[in-house]
Each structure stands twice: as C-alpha cells, then as structure tokens.
Amino acid sequence: MLLKKAQDTRLNTKPRSLKMGYLSCFTRLFLTLINGTVITTCLVFMGVGVVMIILPDVGVIDQLIDSSSVMKELKDTLVATGLGTENQYSGLSLSGAFYDIGLMLTVSCGVILIVAMFGCCGGCCKAKCSLITYIVLTSFLLVVELLMVIIVYSDEKLVIDSIKEIVLLTLNDYTGLTGENVQTLGWNFVMIKYKCCGLIDYKDFKRSNWTNKVSTSTSEYTLATPIVCCDPLPKSDNLTCATQTSAGNTAITGCFDIVWDTSFGSQDFVAFAYCIGFAIQFVLVVLAVVVFMEAKKKNRVAAERKLKKEKIILSHKSPDPLPDKKST
C-alpha cells in the first residue's frame, strides 16, 4: 500500500517538474538570445566608432559628402560665390571630423557590451556571479533612466536651456561658408537643411570666430548673417542677401525649435519608445532573477542529495567487529 502511494506521488510530481524544466530552459534561452543580439549590435557599432577614430582612408568621407544633397548645395554655393572650389572638402580626415562621435559611440557601446556579456554568460551557464552582476548593473541603468525622465518632465525648461547653452559652445569654432572643421560643417549642414540661422537667431554668431568681412571678385561685403542663412542660397558672387536680416534670408528663424520639434516633437512617440525600452530591460532583470533563483535552488537540492547519500552510506556501513573476549 505504501509502495503504491509513493509511486502515485512520483507520477503526479513528474509532469510538474517537467513543466518547470521547460520554463527554466525557455527563460535561459530568451535571456541568452536577447543579450547575444545586444552584444552583436554593440560590436557592429563599436566597429563603426573605431573606424571613425582611426581610419586613415579619406575616401569614405568624400563618399558621404557626395551622397548628401545638402552638402552638394553647400559645394555649389562655394563655387558660385567664388569663395571655394569643387574640391573644397576633398581630403577631409574622417578621424578629424568625427573623432568625438566615434569615441562616444565606442565607449557607450563598450559599457553596454560588458553588461550584456554578464547576462549572456549567466543565462547560458547559470553562473551566479554573472547573474548577480547583470542584475545589479541593469537595475542601476534602469534607475538612472527613470531619474532622467523625471528630471526632464519635472522641469523641461531647465533641461532645454541647459542643452541650448551646451550647443551654443559649438558656435565658438564656427568660421563661415569656407570652414572645414566639424563644428562649421555641422552648423552649415543644419542651417541649409532646415532653412534656419543660428540657435535662436543670427545674433548667436557674434560669439563665434566667424569673420563678417568677405571679398569676392567684384565687391567687398560686411555680412550681417552667414552666407548659408540666405534663402535661397546665392547662385553668384552677389552676397547682398547676407547683408540684411529682413528679406531674402532666415536670420530671425532659429534652428533649435525646428530641430527639436523634428526630433522630439512627437512626445507620444518618444514616451512609447521609452516605455518599450524600459519594459524590455525590466523583463530581462526579472528573467535574470528567475534564472538565479533556479540555479540557487538546483545547487541547494544537489547539496541536500549529496548529504542524504552520505548519510545512507554511513547508515549501511557495517559496524566494526567487537574484540574477542579472552578466556580467563
């Protein structure tokens, strides 16, 4: 009777343990695949960042410039005004133009890569140390992201003003239409693309190294705005459009509001994208906790079985024979 009851109990618990095994396997597989995908993506972007930093081949930047309609407009304006040539931007170093971007991309992807490696190792091998490190790091990133969102939405004006001050610093190195540094190229690109002038308006360029004295083959001009603020861009060496701030240019149209509305204008979309990212990270943390608890439970069960086995061996061990009594 007792034997039959034990067999029934064993049969009833077997499907349950089988289901738990499937769940544990799925959890580990999902955790490993997601983090493996993150690792692959980070490696790709780190490669791009390294290329931006150290690649000596200048042909890449030439191809980027030739494929951009905005940069083509900029080159055409240089040629039309006589202030530059068709090959004005040929030979630019990719490392010189995008060093900061490449460095930031490499470092940020490197940090994410390290975190993902802990998650992948923990999910694949049930390594408890890796799982604990992954849970702590990912939770820390979640807290930081949450604090950033709270700060942004609690005082949006303060955040925007801070961003403006940082962006305005890049105007210090703006040198005008013929400039070849990354700050000048970036500002010229934005102002042509979005038909705007400066961050707030044309007065922002008073704090830059921009020279407003320009000489062409026919005249000398004292510019009120950069030449790229003309709308449309000049097709000859007549730069009258850049000597005034009312008609024929975008002097009073700042770039910040236009770029901000274009990039982050849809707050619903930004909030939705952030919620999706936050939810994925939260799920990964939960899965890592589940795998960690499963590994901890498995180790405890294995230790209990080992202890029980040792007790059984000791209990079945024959006792030492008693010494024979010598007859007196």
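Read on for a plain summary of the structure.

What counts and how
Residues numbered from 1 in each chain as written. Predicted model: local features only at pLDDT ≥ 70, side-chain atom pairs only at ≥ 80, totals over all residues. Heavy atoms only, no water. Helix = DSSP H or I, 4+ residues; strand = E, 2+ residues; numbered from the N terminus. Buried < 20%, exposed > 50% of the residue type's maximum accessible area, 1.4 Å probe, protein only. Patch = residues over 30% accessible without salt bridge, like charges linked within 9 Å, V, L, I, M, F, W, Y side chains within 5 Å. Areas by Shrake-Rupley, 256 points an atom, 1.4 Å probe, with all protein chains shown as cover. Salt bridge = Lys/Arg side-chain N within 4 Å of Asp/Glu carboxyl O.

1. A look at unusual backbone geometry
Part 1 of the argument: For the bond from Asp 231 to Pro 232, the omega torsion is 5°, close enough to zero to count as cis.
Part 2 of the argument: In the Ramachandran plot, Lys 126 falls in the positive-phi region, its phi being about 55° despite a non-glycine side chain.
Part 3 of the argument: Position of Lys 126 among the secondary structure elements: in the loop between helix H4 (94–125) and helix H5 (128–154).
Part 4 of the argument: With relative accessibility at 18%, the residue Lys 126 sits in the buried group.
Part 5 of the argument: Positioned with a positive phi, Lys 195 is a non-glycine residue whose angle comes to about 55°.
Part 6 of the argument: Along the chain, Lys 195 turns up in the loop between helix H7 (182–194) and strand E1 (213–215).

2. So, a nonpolar patch on the surface
Part 1 of the argument: Together, Phe 26, Phe 30, Phe 282, Val 283, Val 286 and Val 290 make up an exposed nonpolar region whose accessible area comes to about 510 Å².
Part 2 of the argument: Taken together, the elements giving at least two residues each to the nonpolar patch come down to helix H1 (2–54) and helix H9 (267–316).
Part 3 of the argument: Sorting elements by how many residues they give to the nonpolar patch places H9 first, with four residues.
Part 4 of the argument: Examined against the element boundaries, Phe 282 turns out to sit in helix H9.
Part 5 of the argument: We classify Phe 282 as partly exposed; its relative accessible area is 47%.

All quantities given are derived from atomic positions and should not be read as evidence of function.
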